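Summary of the model geometry
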Amino acid sequence: MTAISTLPTEPRGKRPTRTFAPATIMIYGILLVAALYYILPLYVMIVTSLKGMPEIRLGNIFSTPVEITFQPWSTAWTSACTGLYCEGLKVGFWNSVKIMIPSVIVSILIASVNGYALANWRFKGSEIFFSILLFGAFIPYQVMLYPLVIITRELGIFGTLTGIIVIHTIFGMPILTLLFRNYFASLPTELFKAARVDGAGFWRIFFQIMVPLSAPIFVVAVIMQVTGIWNDFLFGVIFAGSKNVPMTVQLNNIVNSTQGVKEYNVNMAATILTGAVPLLVYFFSGKYFVRGIAAGAVKG
Amino acid sequence: MSATTRPNTIFKNLNAKVAAIPMIATVLVVFIGCTLWTVVLSFTSSRSLPELTFVGFDQYARLFTTPRWNISAINLGIFGIFTLVFSTVIGFILAALMDQKIRFEGAFRTVFLYPYALSFIVTGLVWQWILTPTFGIQRVVRDLGFETFTFSILNNQRYAIYAIVIAGLWHGTGLVMALMLAGLRGIDEDIWKASRVDGIPIWKTYLFIVIPMMRPVFITTIVLISTGIVRVYDLVVALTGGGPGNASEVPAKYVYEFMFRRANLGQGLAASTIMLTTVLIIVIPWALMEYRGGKQK
Amino acid sequence: MRYSTAFAALAASTILITANNANAADLEVTHWWTAGGEAAAAKVLAESYDKLGGDKWVDGAIAGSGSTATPIIVSRILGGNPMGATQLNTGRDAEDLVKAGLMTDLTEIATKEGWADFIRPSKLFDACKYEGKIYCVPVNIHTEQWMWVNPEAFKAGGVPVPANWQEFVAAGPKLKEKDIIPLATGDAWQVNLIFNDMVSSIGGKDLFLKVYRDKDATAAASPEMTAVFEAYAQARELADPGYVGRSWNEATSLVIGGKASAQIMGDWAQGEFGVAGKIAGKDYDCLLGLGNNPVLNTGGDAFYFPKNENPEVTKAQLKLASMLVSKETQVAFNLAKGSLPIRGDVDLAAANACMKKGIAVLNKLDNVVPSVNQLLSPDSKLEVEDLSKEFFADASMTVEDAQARFVSIIEQAQ
């Protein structure tokens, strides 16, 4: 079991001095070509969203806009139509925020306590439950979809905000619990033992010792959950209910409901807007994001 | 720890047990309960609503004679193999290049990894736009003077699934690169020194020394990608909608459609049980191996 | 879009008003009427309902076609979070939900108002019955056996406007030469509609009934059915590759704009012609039964009312049900939707040339068949759709292979 905090992220050794050797040129060449492939779709999205429809029809998708217009962006945000309603993507945006914030908080709260119990307070059977939980991360969602509809119906939370929060908490649990368990296990046990000797109990140790020491891992967890929940589509379609349709679902609706001509520029602006939140999280959190990914790969 | 020697075993560590209730409930009710429910009901003739009329393997018999399922399964195979091979190979090569103490490593990593932050819906819609024959790559190349150039994989039932592969690779290769890079950084510097002293060419060092050493990283990566592959759903919905015809259908879509649209729950559950079995075939050997590896440590 | 804005305003005001009105209910109505003409028709219903006072229509439109909307609607009812009322295709999509007792029983009001006396054809009403009770309200008759043609496009192609399928096929190559798409169509259900149309139009009424009603595998294997598949193979040749991912109203606008010469689509396409200000018989024309066999099926839309715990909602449901079959609503709604009213006793002087053709057939009844939605279970119906869309997308699939698969689908059909 590798604790993620020990993963080296920087290359060791000195920077190379001979920058123009043929091998170096080849390395940079390949990397640049690859980078181009990755960057191109983002570029295409952006330029398309800044063009007017006549320009799109005449030009090609890679050309830079002759006349930059922000109209598609404002249309996408305020007046794009999903069915009969034309209130734009902002509806879905706020729905996603409404779903995301409580889901992130609840799922992390529960998973961190789980992880803490598993790392420091093992009880009979705790490891078995944990193994099955991890196994659960691999079960295709489709297997659990219909029974979950029944369960949420019986609980009276199908199609409600509570319902979708519960669903996100359940499906975020395996990976988050793993993340926290491994992190807490990597903390020096002396801390824990000393607190025990002082007579501190389960919750006091958690809140006064463990949580303050764990800021980085909480950041990683938040990043993982924010992007994961924001990008969800399947659960949003089924469990969120028509009043809480998340942004990804609304985006798909907007792009697929055409009244008259397809407005590609508006569609692309809407697509960027939907991708903006996880992208911003990604760009600003860089290293933590990579850590979260690495954590996902660390085996229990 | 038998009950006779510790009569208060239930109350021991009570707080931890209380704290673990959500986890225990999730495990028992969702991961075990729901899965068993699905498997059991897949042997019934349930229509819109679950009912307990058992019909043996009828649903499975129908499943494997339904062209749409067979197309879905084959598509999953194509998508799976291409995604596995290409993302592992490209991911590893990129990671190896990134590990050459290059400048701007951070910038490159940011570029390779950002698609992974985007949802499959966004990924699907972007690639749909780029691959649209009337505006996308085909049009661009034609405008350059190659007027007979054809690249309309979205409209061609034989190639539509490869559009999903292309978009999927764009989305996920960065992740593989990041995992591989972490793995490469875990290789002892002395190995490189030793191979340099012995005059072994770099590519040979990678192929015969480094890659075998990174076996655990490769296996973890492959398991992660594989379970993602079995789940693929949103990407297909956004990029092709399963079309043209049924040419890019996948099992996850089949399940959803039979559950909620075709009023044939039994059939949908049988399909999802097959999906589960596929995942188990991938995960169980891996889990056993990990377990044994853990014992050896 | 005009309508949609009005609608949003309507919905917003609804919330304000109902806050002060404790006895009235908000009735959430789901449907997939989102294209221009359809939206106009939905607006007619919403406005008439709100005019009745008290209860309010809260619009729950779901974008995309029935293939996207039906699962969402069904899963909501199954999930115990039902809407006040929902549109579905008249047929068997809600059969199991009715059997499970999830729908409000409308028998009382139906008997009181004597629905059975004026709803025609009576077969249409049968789709709403289960064990002698009434569970849905058909609101319109949609006929699907139409080919909409733009005479200008044929003129531009230098060919006469065809009178039947064979002439249309003959005109295909010349139209293609002039860069006109002979047959505009779109994804999945649209090509399946073409196929089912051909069963009755090319194969005739008897073949249609034998195959879909009697599930007669011999008929499915007959040479008549082979002819249907051959015509369908011709349709495959006449469509452009860009049909993939195209919505039906985009295809209609290709015909309206003269970029395509024809579209095989239900009568709701008229709503789009209407919104574009085109006149039937002049700017566009219609071939009933593709000009071959003037057989119409009586599909359409029906409203279902999922059971609800709130008695106010149940009252509001019954009120909507009664309004939907009323004369005034039937006229205004069907004119906007391009469909035919479910009652024979209303004045349709405003009907256009194409609608009149349809009414004439409908009044005679000999050439009226139930829709595939009514005859096949959702499962079997979509098996046929799977086959037809695969065949359409794959030019290498032969007529023999397709027919063999069709026979086995009909053998197992329910």
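Given the structure is predicted, the values throughout are model-derived calculations rather than measurements.

**So, the packing of helix H4 (residues 67-98) of chain B against helix H11 (residues 215-231) of chain B**
Residues and elements named next belong to chain B. Interaxial distance between H4 and H11 falls to 10 Å at its minimum, and their mutual angle equals 145°. Considering only the axes of H4 and H11, their crossing is right-handed. Contacts between H4 and H11 involve Phe79, Gly80, Thr83, Leu84, Ser87 and Thr88 on the former and, on the latter, Thr221, Ile222, Ile225, Ser226 and Ile229. Taken together, the residues that form the contact of H4 with H11 break down as five nonpolar, six polar and no charged.

**Observations concerning the interface of chain A and chain B**
Taken residue by residue, the interface counts 76 residues in chain A and 76 residues in chain B. In terms of residues, the side of chain A that touches chain B owes the most to one element, helix H13 (residues 264-297) of chain A, which gives 16 residues. Its residues assigned to classes, the side of chain A that touches chain B shows 53 nonpolar, 19 polar and four charged.

**Looking at the nonpolar core**
Ranked by internal contacts, the top residues of the largest apolar core, which has 301 residues, are Ala270(A), Val137(C), Trp148(C), Phe303(C) and Tyr304(C). With 16 residues, helix H8 (residues 160-185) of chain B is the largest single contributor of residues to this core. With residues up to four places along the chain from it excluded, the contact list for Ala270(A) reads Ala76(A), Ala80(A), Leu89(A), Leu251(A), Ile254(A) and Val255(A).

**Describing the domain arrangement of chain C**
When the parts come together, some accessible area is lost, and that loss is often what is quoted as the size of the interface. All names here are of chain C. Taken domain by domain, chain C holds domain 1 (2-140 + 300-356) and domain 2 (146-298 + 358-412). Distance from the C-alpha centre of domain 1 to the C-alpha centre of domain 2: 28 Å. Contacts between the two partners involve 30 residues from domain 1, matched on the other side by 26 residues from domain 2. Only helix H2 (36-51), helix H7 (122-126), helix H17 (327-337) and helix H18 (353-364) provide two or more residues apiece to the side of domain 1 that touches domain 2. It is H2 that contributes the most residues to the side of domain 1 that touches domain 2, five residues altogether.

**Observations regarding the environment of Leu288(C)**
All names here are of chain C. Within the element layout of this structure, leucine 288 appears in strand E10 (residues 285-288). By the C-beta count within 10 Å, which is 22 here, leucine 288 ends up buried. Distance from leucine 288 to glutamate 108, taken between C-alpha atoms, is 38 Å for residues 180 residues apart in sequence. Not counting residues up to four positions away in its chain, the partners in contact with leucine 288 are Gln145, Trp146, Pro294, Lys357, Gly358 and Val361.

Rules and cut-offs
Residues numbered from 1 in each chain as written. Chains lettered and ligands numbered in written order. Predicted model: local features only at pLDDT ≥ 70, side-chain atom pairs only at ≥ 80, totals over all residues. Axes fitted to C-alpha atoms, helices over the stretch in contact; angles between N-to-C directions. Helix = DSSP H or I, 4+ residues; strand = E, 2+ residues; numbered from the N terminus. Left-handed = near helix turned anticlockwise from the far one by under 90°. Contact = placed C-beta atoms within 7 Å. Nonpolar A, V, L, I, M, F, W, Y, C, P; charged D, E, K, R; others polar. Core = buried A, V, L, I, M, F, W, Y, C linked by C-beta atoms within 7 Å. Buried ≥ 20, exposed ≤ 12 C-beta atoms within 10 Å, placed from the backbone. Domains from an automatic or database assignment.

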